[in-house]
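# A look at the structure
Listed below, chain by chain, are the residues.
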Amino acid sequence: MQHLFSLLLALALFTTAYAATAEEWRKRSIYQIITDRYALPEGADPDACDPAQQKFCGGNWRTIKDNLDYIQEAGFTAIWISPVSQNYEGPRTPYGDPYHGYWIADATKLNSRFGTADDLKALSDEVHRRGMFLMVDVVVNNVMALDTNPDLSTFMFKDQSQYHSYCPIQWGNTTSEQNCWLGDTNVTLPDVNTQDPTVVSAYEDWIKALVQQFNIDGLRIDAAKHVNMDFWPKFCGAAGVYCIGEVFDADAGQALQWQGKQSLDAILNYPMYNALVQAFTIPGPQNMSAVVDMIQQIKQTSSDPTLLGNFLEDQDVPRWASLSVDPQSLWNAMIFNFMSDGIPIVYYGQEQGFNGNADPMNREPLWPSKYTNTTTYQLVTKLNQLRNFLVNGTDNWATSQMEVLSQTNEGIAFMKGDVVTILTNIGSPPQNVTISAHTSWDSGSSTTNILTCSQYAVGSNGSIEIAYSKGGVPVILVPDSKLDNSGLCGHPAPVASEKGAQGTFNNNTGSDNSALGQIAPTPLAYAAGLLTVVAALWTGAL
């Protein structure tokens with residue numbers, strides 16, 4: 001009896017101590033949420049949120065928890081939420097309220113606007129019950145104030161020596177970028193002295209406790225390049241989870257120095273984001289060479305391209321639909337992020353075609369969309385279905401690196417694992433354009449275009465050719481021999497009926513939106529299951 005109790009206790013401890021590694025995150029796809037803007041509590045006014053007013057609109061951790069079906073049914077296997085720490089509490093600022101969560105006061109306290117500790121724990125528990133991962137945004141570089149001589153008593157660090165003295169940033173000067181203050185004189189962001197040993201130790205204790213208390217699987221690091229690089233291995237080591245940093249820089253050489261053992265597991269891929277804007281937006285330069293060149297730069301510079309965060313939108317850049325008028329440009333660029341090296345990230349509302357240009361208009365409430373099953377939402381679902389099958393049902397798709405097969409002014413063809421993706425920037429109108437490439441596939445072998453479920457026979461010497469006489473639609477070709485157990489395009493899927501990390505499993509329907517296949521449970525879910533079994537045995541023993 002005592003042995004059984006000890007086993008029960010050990011399993012309980014295991015479930016709270018489990019932390020997701022970079023290798024596990026490589027297989028995930030992420031849906032990014034601004035907590036205040038994702039879903040409203042019952043009874044709230046659905047028409048009261050105007051992003052231009054920069055005020056709180058009412059979303060919180062509980063409303064995310066209650067509306068996870070929308071995310072999971074699109075096939076996402078992780079969510080990224082706004083910072084959870086206490087924010088500025090005071091009169092309205094010249095830039096509105098801290099609805100976004102980035103104006104930190106005391107990092108060790110939770111943001112009461114978003115809920116209680118029980119609410120955050122309940123969200124984490126529900127995310128994990130579904131086999132998904134939870135990523136939390138954290139702000140370490142700075143706190144927030146309204147002048148250059150703030151009252152430190154409301155902050156985590158209360159001694160003047162734990163902050164750098166005020167100075168405006170001289171951009172291009174690394175020391176200045178790391179030690180001077182972000183923000184402006186209307187809303188200042190006092191720079192925390194992360195070279196101070198007392199600050200380093202306190203931050204390590206805080207992040208370790210936060211991750212363990214709320215079973216956080218990964219961290220998104222705000223303003224990562226504004227902190228001394230040697231801080232991050234200690235901080236992320238204390239956290240014990242995957243860390244991906246915001247390094248807002250279009251230059252691959254500059255940005256990617258922040259990835260590796262000397263810094264962070266990964267960064268958000270701003271260099272590739274800028275290349276995709278150059279290549280696919282309509283109107284735009286439509287410079288496909290920018291993407292091909294960036295692929296090579298990343299291969300040469302990144303310690304692991306498959307861990308980088310791929311995105312087309314976030315809270316700091318314009319919505320794609322504000323840059324490009326043609327939906328095909330979005331779909332082609334979005335497919336690049338799912339089928340190339342890296343972890344795909346979709347910013348909430350992208351699937352609804354939101355078109356807010358810059359902060360604050362790109363931080364719209366999601367609920368006016370009524371969470372519609374749009375064409376883009378359906379595409380995202382299909383992409384997640386395919387990618388989840390590839391990362392869980394094949395040996396090395398996630399870790400294999402992409403190879404460019406061909407490139408023209410109008411398109412690109414590349415191969416990753418056994419999948420060939422052909423994308424174009426011509427937009428919706430038909431054009432007399434073709435894109436051809438040579439693959440490693442055998443002549444005459446049968447493939448399926450996953451997006452249309454149409455068959456495609458490979459030509460001589462492994463050649464493929466795509467014509468755009470019906471417009472610039474993307475193409476993803478997978479050998480039919482590789483689609484067994486995928487549930488895609490009529491191929492059967494293993495029988496399952498539970499919700500897991502790959503979305504909702506159906507009973508072998510074979511439909512395009514059905515199960516992606518049987519997957520191994522995460523260690524957390526596995527331990528929780530064992531805990532349930534042991535608890536039942538314990539109850540029976542009593």
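Remember, predicted model here, so these are calculated numbers, not experimental data. (Residues numbered from 1 in each chain as written. Predicted model: local features only at pLDDT ≥ 70, side-chain atom pairs only at ≥ 80, totals over all residues. Heavy atoms only, no water.)

## Let's talk about the packing of helix 11 (residues 270-280) against helix 12 (residues 288-301)
Running from N to C, helix 11 and helix 12 cross one another at 160 degrees; their axes reach a closest spacing of 7 Å. One element, helix 11, and the other, helix 12, form an angle in the roughly antiparallel class. In this structure, helix 11 crosses over helix 12, and the sense of that crossing is left-handed. Packed against helix 11, whose contacting residues are Pro271, Met272, Ala275, Leu276, Gln278, Ala279 and Phe280, the element helix 12 presents Met288, Ala290, Val291, Met294, Ile295 and Ile298 at the interface. Tallied by class, residues from the contact of helix 11 with helix 12 come to 12 nonpolar, 1 polar and no charged. (Axes fitted to C-alpha atoms, helices over the stretch in contact; angles between N-to-C directions. Helix = DSSP H or I, 4+ residues; strand = E, 2+ residues; numbered from the N terminus. Parallel < 35°, antiparallel > 145°, perpendicular 65-115°, else oblique. Left-handed = near helix turned anticlockwise from the far one by under 90°. Contact = heavy atoms within 4.5 Å. Nonpolar A, V, L, I, M, F, W, Y, C, P; charged D, E, K, R; others polar.)

## Examining the pattern of salt bridges
Pairing between side chains of opposite charge can happen when the charged atoms of each approach one another. In the structure shown here, the tally under the stated rule is 19 salt bridges. Across the pair aspartate 249 and lysine 225 runs a salt bridge, and its minimum N-O distance is 4.0 Å. One end of the pair, aspartate 249, is in the loop between strand 7 (242-245) and helix 10 (252-256); the other, lysine 225, is in the loop between strand 6 (218-221) and helix 9 (231-239), with 24 residues separating them in the sequence. The buried category is assigned to lysine 225, whose relative accessible area is 13%. Two residues, lysine 482 and aspartate 418, come together in a salt bridge whose shortest N-O distance is 3.6 Å. Note that lysine 482 is positioned in the loop between strand 18 (475-479) and strand 19 (499-500) and aspartate 418 in the loop between strand 12 (411-416) and strand 13 (419-424), a separation of 64 residues in sequence. Judged by its relative accessible area of 40%, lysine 482 falls in the partly exposed class. With relative accessibility at 36%, the residue aspartate 418 sits in the partly exposed group. Salt bridges linked by common partners bring Asp69, Glu126, Arg129 and Arg130 together as one network. (Salt bridge = Lys/Arg side-chain N within 4 Å of Asp/Glu carboxyl O. Buried < 20%, exposed > 50% of the residue type's maximum accessible area, 1.4 Å probe, protein only.)

## Structural notes on the pairing of strand 10 (residues 343-347)
Two faces make up the sheet, and in a regular strand the side chains alternate between them. Counting buried positions along strand 10 gives 5 out of 5 residues, so the element sits mostly inside the fold. Going residue by residue along strand 10, you find Ile343, Ile345 and Tyr347 tucked away on one face and Pro344 and Val346 tucked away on the opposite face as well. Alignment of strand 1 (residues 30-32) against strand 10, held across 3 bridges, turns out to be parallel. Bridged to isoleucine 30 within strand 10 is isoleucine 345. Where strand 9 (residues 309-310) lies against strand 10, 2 bridges are found, and the strand directions are parallel. The partner of asparagine 310 across the bridge, within strand 10, is proline 344. (Pairing = 2+ DSSP bridges.)

## Some details on the state of the cysteines
In the structure shown here, the tally under the stated rule is 4 disulfides. There is a disulfide in this structure between cysteine 167 and cysteine 180, and the S-S distance comes to 2.0 Å. Taking the sign of the S-S torsion, about -100 degrees here, the bridge from cysteine 167 to cysteine 180 comes out left-handed. Placement of the pair is cysteine 167 in the loop between strand 3 (133-138) and helix 7 (174-179) and cysteine 180 in the loop between helix 7 and strand 4 (182-183), with a sequence separation of 13 residues. Judged by its relative accessible area of 22%, cysteine 167 falls in the partly exposed class. Looking at cysteine 180, the relative accessible area reads 8%, which means it is buried. The residue that forms a disulfide with cysteine 236 is cysteine 243, at a sulfur-sulfur distance of 2.4 Å. Here the S-S torsion is close to -120 degrees, and the disulfide linking cysteine 236 with cysteine 243 is therefore left-handed. The exposure class assigned to cysteine 243 is buried, which follows from its relative accessible area of 0%. Here the cysteine-cysteine linkages of the protein are recorded as 1-2, 3-4, 5-6, 7-8, numbering only bonded cysteines and doing so in sequence order. (Disulfide = S-S within 2.5 Å.)

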